[in-house]
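Now for the letters of each chain:
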Amino acid sequence: MSPSVDWAALLPQIFLGGGSLVMLTLGTLVRKRAPWWLPNVLGIGLTLAAFGSVVWQWVRVQDPSRGAFSTIAGTVQIDGFAVFLSGVVVIAALLALVFAPFSIRRAGLPPEEFSVLLLLSAAGGVTLASANDLIVLFLGLEVLSIAAYVLAALDLRRAGSQEAGLKYFVLGAFASAFFLYGAALIYGAAGSTKLDSVAAALAAGAGSNARGMLLAGFALLLVGLFFKVAAVPFHAWTPDVYEGAPSPAVAYMAAGVKAAGFAALLRLFAGTFSASSADWRPAVAVVAVITVLAGSALGVISGDVRRLLAYSSIGHAGFILVGLESAGANGTSASLLYLGVYAFMALGSFAVVMVMGRDASGSQPLAAYDGLARRSPWLALGFTLLLLAQAGLPFTTGFWAKFEVIGAAVQSRTYWLAAVSMLGAVVAAFVYLRLVVRMYLVRPGADGDALASQKSGVGLADDSRSGDEDSDSRPPVAVPRSVGFVVAVCAAVTLFFGVWPAPLLNLAGDATLAVLGG
Amino acid sequence: MSDFLRSYLTVGIFALLAVIMVALMLTLASVLRPERPQKQKYISYESGVDPVGEGWSQSRLRYYLFGLLFVMFDVEAVFIFPWATRLETYGVFGLVEMAIFIFILALGLFYAWRKRVLQWV
Amino acid sequence: MWLNQFLVLSAVLFSIGVYGVLARRNGVLVLMSIELILNAVNINLVAFGSYVQTVVGEVFALFVITVAAAEVGVGLAILLLLYRNRRSVDIHDVDMMKG
């Protein structure tokens, strides 16, 4: 009766989830004597162990004699797709933990709770990526999200963080409820929660007598997951949460939570529901187009760097949706490539944003970057690289990600979608270039951008008083070694694989989505 | 009339009887009881002490914390009952799983205790 | 045959819940509306479970119940944090950030 459990398949969850519980216990036991950095170091160790087991799983899955496998009565499935996205989530948690000490020290985040919640959330993300059952999918989604709600509100004393936590929670819980209603309808229409059984039932024409139920299920699942990945009609929480939440948490959300959300979207729609792709593709196409365009356009008018990056993450979600829309192996691997590549860009960018700090009102006006290249040339260089990659400049990974996604759209003959995404990419490039220009060409205090200075009047007034003529009056930004390391790693990955993309393309190509029977 | 609706008819009759009975008893009471209205009788009753403040007051935070802990543990029992009904079927595997589950729950309680949530301040 | 009635009940509860989340100002009532949606889902799951004649639906409902408790715990904690700062749980007051 008891199902067989392949513990090796659960190693990342054991390291992340089990490790976080052990850490919590230890933390409560030795609270007084433990130094503040200990939970952080422990967390880094645990995520490294989880990453090691993910790599080991990858080798096992890619071994042609063994291949993808499922365990716990077929509810958990370890295939290339699952392992790839688990890797992205774990890397997001790892790098967020590496540069978190800065934020922990300055904002006074509780160090132990931060590490524990981040690990728990990552455990949820890994579960979500390898789920092969609607129940497990739901559990993974909730573990991922509930920990992330608390992470957003973790800067307990700052009102902006509380506000971010509340907004993220209310909309996230609302989205989860939609997702659940959709899952229930799919279960009713297909008669099973196992994804492979659902896929088989759909291919055999199940639900043809309950077509309305099936369509409603698709729609509700899409709405719930669009909320999680911040696609446009459901994106309203994103800028506020990204602005208010502590920066390491935001970096993890942008890289890890988004990847996990797309794991669910891709696994369900590109995998399980591929038999009825004619039903959901138009909806995804429309949302993808709106997301790409609105993400870029809203980024242009935002005057706060955190909000700008939030809108840019919305825009990126749109591009990844373009990959989903093409509903094939190519589209899926293009989306995976994009997620992996974007994780590094987001982590690096938010590390820079964290170092740049907040002004009195808790925001970070564009003017904070005026003349950064003169004050802190290395920081400016790293950030420039990450921004240009987000813009999709050739010789960066961002270019290949956009190239693959649009290529997948062309291949599936959705030419209009490809054309509109290219247009969106051009508009988005303007957003990033504006920030780069500020770093290199604008002198601090000079009114280079009327709109930005008007929107961020508070922060600017302070700066223009202190240094209206002398550009070197502001001290260089203090960059701790941990943050420098993260920015350097992210920039290096972005540049290296931008010049030599073959291994990355192969990696994403091997991350296939298997629909196995239990 | 279908069987389904007929069984609801019983419910309807019961409901009707209940309403009639309550109405009857209240009317009877109002006819029989002596009635001497006094202002003091309309003050809300608060354990025999003179009532203080508004009737609509906020409860203390500590009730919330204990309530939350109670709900968590209460709800987790939902997994223990199905396991208990199939105790033999799952054998040692089920026992170990349940032990882990309860251990994690206890860990939560332990955390709450160490964080001084359980103190009645 | 009886499935439709449960589905309609569940859909009505779902709609009331969605209305509550969108229209209510009080944070606690928003949480209750979300709970209402989750319970609508539970009705659906149990109804489908008995319709399909597998126990999976009921098991799913059990998981939904426990996760809902965890979720509402976190939600109330966040609301409490906010209340300590502003003495109000009106979520329309929480609009410091805009743009």
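From a predicted model like this one, the values you see are computed outputs, not experimental measurements.

Scoring rules and cut-offs
- Residues numbered from 1 in each chain as written.
- Chains lettered and ligands numbered in written order.
- Predicted model: local features only at pLDDT ≥ 70, side-chain atom pairs only at ≥ 80, totals over all residues.
- Helix = DSSP H or I, 4+ residues; strand = E, 2+ residues; numbered from the N terminus.
- Buried ≥ 20, exposed ≤ 12 C-beta atoms within 10 Å, placed from the backbone.
- Contact = placed C-beta atoms within 7 Å.
- Nonpolar A, V, L, I, M, F, W, Y, C, P; charged D, E, K, R; others polar.
- Core = buried A, V, L, I, M, F, W, Y, C linked by C-beta atoms within 7 Å.
- Expected span 1.5 Å × (residues − 1).
- Axes fitted to C-alpha atoms, helices over the stretch in contact; angles between N-to-C directions.
- Parallel < 35°, antiparallel > 145°, perpendicular 65-115°, else oblique.
- Left-handed = near helix turned anticlockwise from the far one by under 90°.

A. Spotlight on the overall build of chain C. Counting its secondary structure elements, chain C contains three helices and zero strands. Its helices and strands in sequence order give chain C the pattern α-α-α, from N to C terminus. Seen through its principal axes, chain C has C-alpha atoms that stretch 50 × 25 × 25 Å. For chain C, buried positions account for 38% of its 99 residues. Put simply, 45% of the contacts in chain C that link residues at least 6 apart link residues at least 24 apart.

B. Up close: the overall build of chain B. Of regular secondary structure, chain B possesses three helices and zero strands. Traced from its N-terminal end to its C-terminal end, chain B shows the element sequence α-α-α. Expressed as a percentage of its 121 residues, the buried residues of chain B come to 0%.

C. Region of the structure containing the interface of chain A and chain B. On the chain B side, the residues contacting the six residues of chain A number 10 residues. Of the residues in the side of chain A that touches chain B, the class split is three nonpolar, three polar and no charged.

D. Region of the structure containing the interface of chain C and chain A. On the side of chain A, 33 residues touch chain C, which itself brings 33 residues to the contact. Those elements giving two or more residues to the side of chain C that touches chain A turn out to be helix 1 (3–23), helix 2 (27–52) and helix 3 (56–86) of chain C. Residue contributions to the side of chain C that touches chain A peak at 16 residues, all from helix 3 of chain C.

E. Representation of the nonpolar core. All names here are of chain A. In terms of nonpolar packing, the biggest core is built from 235 residues, with A92 and L347 touching the most fellow members. The biggest single contributor to this core is helix 6 (residues 159–190), with 21 residues. Every residue in contact with A92, bar those within four places of it in the chain, is listed here: Y252, A255, G256, A259, A343 and L347.

F. Region of the structure containing helix 11 (residues 277–301) of chain A. All names here are of chain A. The terminal C-alpha atoms of helix 11 lie 36 Å apart, and with 25 residues this matches the ideal 36 Å at 1.5 Å per residue to within 8%. Where helix 11 is concerned, the buried positions are W280, V284, A285, V287, A288, V289, T291, V292, G295, S296, L298 and G299. Next to the buried residues of helix 11 lie helix 8 (211–229), helix 10 (247–271), helix 12 (305–325) and helix 17 (415–440).

G. Structural detail: the environment of V28 of chain C. Residue and element names in this part refer to chain C. With respect to the helices and strands, V28 occurs in helix 2. Residue V28 is classed as partly exposed on the basis of its C-beta count, with 15 C-beta atoms lying within 10 Å. Along the primary structure V28 and A40 are separated by 12 residues, whereas in three dimensions their C-alpha atoms are 19 Å apart. The contact partners of V28, leaving out residues within four places of it in the chain, are L79 and V89.

H. Expanded view of helix 13 (residues 329–356) of chain A. Residue and element names in this part refer to chain A. The end-to-end C-alpha distance of helix 13 is 41 Å, a good match for the 40 Å that 28 residues give at a rise of 1.5 Å each. Along helix 13, 26 of the 28 residues are buried, which leaves the element largely enclosed by surrounding structure. A positive backbone phi angle near 75° is found at G357, which sits one or two residues after helix 13.

I. Spotlight on the environment of G348 of chain A. Residues and elements named next belong to chain A. Summarising the element assignment, G348 is placed in helix 13. Using a count of 31 C-beta atoms within 10 Å as the deciding quantity, one classes G348 as buried. Along the backbone, G348 and V487 are 139 residues apart, and their C-alpha atoms lie at a distance of 4.7 Å.

J. Region of the structure containing the packing of helix 2 (residues 38–62) of chain A against helix 3 (residues 80–107) of chain A. Residues and elements named next belong to chain A. In the contact formed by helix 2 and helix 3, the axes pass within 9 Å of each other and the chain directions differ by 160°. Taken together, helix 2 and helix 3 sit at an angle that is classed as roughly antiparallel. Note on packing geometry: the crossing formed by helix 2 with helix 3 is left-handed. Seen from helix 2, the contacting residues are N40, G43, I44, T47, L48, A50, F51, V54, Q57, W58, V61 and Q62; seen from helix 3, they are G80, V83, S86, G87, V90, I91, A93, L94, L97, V98, A100 and P101. When the residues that make up the contact of helix 2 with helix 3 are grouped by side-chain class, the tally is 16 nonpolar, eight polar and no charged.

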